[in-house]
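Observations on the three-dimensional arrangement
So the chains spell out like this:
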Amino acid sequence: MMRKFDLPNSKLIYYERFLDAPRANSLFGKLLAEIKWQQDKITLFGKTHLQPRLTALFSVKEKTYTYSGITMHPQAFPDYLYSILLELNKKFDTNFNTCLVNLYRDGADSNGWHADNEKELGKNPVIASISLGEIRKFKIKHNTLKKEKLDFWLESGSLLLMAGETQHYWKHQIPKTKKPVKPRINLTFREIK
Ligand SMILES: O=C(O)CCC(=O)C(=O)O
Ligand SMILES: [Fe+2]
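Residues numbered from 1 in each chain as written. Chains lettered and ligands numbered in written order. Predicted model: local features only at pLDDT ≥ 70, side-chain atom pairs only at ≥ 80, totals over all residues. Heavy atoms only, no water.

Attention now moves to the overall build of the chain. Counting secondary structure elements, the chain contains 3 helices and 15 strands. With the C-alpha coordinates aligned to their principal axes, the bounding extent of the chain is approximately 40 × 40 × 40 Å. Excluding contacts between residues fewer than 6 apart, the proportion of contacts in the chain whose partners are at least 24 apart in sequence is 73%. In the structure as shown, the chain presents an accessible area of about 10,200 Å², 53% of it carried by carbon and sulfur atoms. In the chain, the 32 positive side-chain charges and the 20 negative ones have mean positions that sit 6 Å from each other. (Helix = DSSP H or I, 4+ residues; strand = E, 2+ residues; numbered from the N terminus. Contact = heavy atoms within 4.5 Å. Areas by Shrake-Rupley, 256 points an atom, 1.4 Å probe, with all protein chains shown as cover. Lys, Arg positive; Asp, Glu negative; His and termini not counted. Charge placed at Lys NZ, Arg CZ, Asp CG, Glu CD.)

Structure follows, in structure tokens:
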């Protein structure tokens with residue numbers, strides 16, 4: 001099933017079953033076991049804390065990627081991840097060259113309100129975001145139109161495509177939850193210019 005959200009200043013499409021369950025499960029297991037995860041320190045409003053999730057950056061370029069004051073050094077793509085990048089570039093006619101991976105270990109891990117609007121991503125970034133493992137809530141809100149906001153669930157194997165002006169007009173987040181939840185891995189494919 002594919003769901004196109006009809007939102008102002010945004011192109012947002014959700015593909016519920018981009019990867020079938022066996023493929024999503026095996027990819028999840030591989031990434032969890034094989035990735036060299038890191039937990040960076042971020043400084044927000046003058047206070048330094050550890051980011052509430054683990055991350056890793058893969059790129060075909062050696063260029064570092066900086067966001068929220070964190071500079072990440074890319075690792076080389078493992079074949080099984082690079083093949084997904086190629087698949088996406090074919091399907092969406094994109095030029096993804098980088099994948100930022102997030103591991104939400106439990107409900108205390110999260111990703112605060114932000115837009116993926118770094119200069120290196122170009123004017124209207126296209127981001128393909130694949131979810132694996134535990135289902136988590138995704139929230140998106142318009143920067144100025146207060147009524148424009150939306151929550152939905154990101155299921156294992158799903159792909160969320162954010163494109164057009166989305167990153168200029170909207171912020172998104174993965175909130176914490178008090179419910180007992182298992183780990184979730186998210187892959188966000190991007191093009192670093
Ligand atoms: O985990 C997610 O689904 C969102 C990740 C995200 O927004 C990001 O890494 O920029
Ligand atoms: Fe994001």
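Moving on, we come to the site of ligand 1. If you check the shell around ligand 1, you find 14 residues, and the closest are N102, Y104, D116, R184 and R190. The side chain of R184 places a nitrogen or oxygen atom 2.8 Å from an oxygen atom of ligand 1. Measuring from an oxygen atom of ligand 1, one finds a side-chain N or O atom of R190 at 2.9 Å. Contact with the protein chains hides 97% of the accessible area of ligand 1, taken as 290 Å² for the molecule alone. (Near = heavy atom within 4 Å. Polar contact = N/O pair within 3.5 Å; in protein donor to acceptor, adjacent residues only side chain to side chain.)

This part covers the sheet that holds strand 10 (residues 127–133). Ordered by their spatial adjacency, 7 strands build an open sheet running 1-2-13-10-15-8-5, and the pairing between neighbours is antiparallel. Only two strands of the sheet have a single partner each, and these edge strands are strand 1 (2–5) and strand 5 (54–59). Taking each pair of neighbouring strands and ignoring which way they run, the sheet shows an average axis angle of 15°. Strand direction decides the pairing type here: strand 5 and strand 8 (residues 98–104), joined by 6 bridges, are antiparallel. Paired with A56 across the strands is V101, a residue of strand 8. Most of the contacts of helix 1 (residues 21–34) go to strand 15 (residues 184–190), to which it runs at about 90°, and overall it touches strand 8, strand 10 and strand 15. In the packing of helix 2 (residues 79–92) onto the sheet, the strands contacted are strand 2 (11–15), strand 5, strand 8, strand 10, strand 13 (159–163) and strand 15, and the crossing angle to strand 15 comes to about 55°. (Pairing = 2+ DSSP bridges. Axes fitted to C-alpha atoms, helices over the stretch in contact; angles between N-to-C directions.)

The next thing to look at is the coordination of the iron ion (ligand 2). Within the first shell, the iron ion (ligand 2) binds the protein through H114 (NE2), D116 (OD) and H172 (NE2), at distances of 2.1 Å. Mapping the donors of the iron ion (ligand 2) onto the primary sequence yields the spacing H-x1-D-x55-H. Note that D116 is positioned in the loop between strand 9 (111–114) and strand 10 and H172 in strand 14 (residues 170–174), a separation of 56 residues in sequence. (Donors = N, O, S within 2.8 Å, 3.2 Å for Na, K, Ca; no water.)

The next thing to look at is a nonpolar patch on the surface. On the surface, a nonpolar cluster with roughly 260 Å² of combined accessible area is contributed by V60, Y82 and L86. Note on placement: Y82 falls in helix 2. (Patch = residues over 30% accessible without salt bridge, like charges linked within 9 Å, V, L, I, M, F, W, Y side chains within 5 Å. Salt bridge = Lys/Arg side-chain N within 4 Å of Asp/Glu carboxyl O.)

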